[in-house]
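Residues per chain are reported as follows:
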Amino acid sequence: NPGLDAIARALGNGDADALAQYFGDNVEISILDSEQLYSKAKATEALRTFFNSNKPKSFNQVHQGTSRENSDQYCIGNMAATTGSYRVYIYLKMNGNSATIQEIRFDKG
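This write-up is about the structure you can find in this document. (Residues numbered from 1 in each chain as written. Predicted model: local features only at pLDDT ≥ 70, side-chain atom pairs only at ≥ 80, totals over all residues. Heavy atoms only, no water.)

**Quick notes on the overall build of the chain**
Of the regular secondary structure elements, the chain holds three helices and six strands. Secondary structure of the chain in N-to-C order comes out as α-α-β-β-α-β-β-β-β. Taken over the C-alpha trace, the chain has a radius of gyration of 13 Å; the compact-globule value for 109 residues is 13 Å, and the two agree within 12%. Over its C-alpha atoms, taken along the principal directions, the chain stretches across nearly 35 × 30 × 25 Å. When the 109 residues of the chain are sorted by exposure, 41% land in the buried category. At a minimum sequence separation of 6, the contacts of the chain that also span at least 24 residues come to 43%. Of the charged side chains in the chain, 11 are positive and 12 negative; the average position of the first set lies 6 Å away from that of the second. (Helix = DSSP H or I, 4+ residues; strand = E, 2+ residues; numbered from the N terminus. Rg over C-alpha atoms; globule rule 2.2 N^0.38 Å. Buried < 20%, exposed > 50% of the residue type's maximum accessible area, 1.4 Å probe, protein only. Contact = heavy atoms within 4.5 Å. Lys, Arg positive; Asp, Glu negative; His and termini not counted. Charge placed at Lys NZ, Arg CZ, Asp CG, Glu CD.)

See below:
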């Protein structure tokens, strides 16, 4: 999935703008149990803030799969940051060949 590869790259680089290209109109972002539904612009801002204080060094996909109910996909990976490691969970809405990030979650690894 080229979308997923680009998303994984953006996570490893801590590039909020590259990730934002895959956001839907609303994105659920959960950072260490603080969960919120953001507009695309606010979601980009929230991630930029998070990445600025937790500079990512690398991201490795551990698992990816497809939802049982539909063609939506999810990806789980580990992000190494200057502040430690995070478990990242991404839920993608698939529409033909394009993927939209519905939800992205960061838990302390």
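Read on, since the account is not over.
**Concerning the sheet that holds strand 1 (residues 23-31)**
With respect to topology, six strands assemble into an open sheet ordered 2-1-6-5-4-3, the strand pairing being mixed. Of all the strands in the sheet, the pair left with one neighbour each is strand 2 (34-39) and strand 3 (56-66). Taken pair by pair, the neighbouring strands of this sheet meet at an average axis angle of 20°, ignoring direction. Two elements, strand 5 (residues 84-95) and strand 6 (residues 98-108), share 10 bridges in a ladder whose sense is antiparallel. Looking at the pairing, R87 lines up with D107 of strand 6. Of the strands in this sheet, strand 3, strand 4 (73-81), strand 5 and strand 6 are in contact with helix 1 (residues 2-13), which crosses strand 3 at around 150°. (Pairing = 2+ DSSP bridges. Axes fitted to C-alpha atoms, helices over the stretch in contact; angles between N-to-C directions.)

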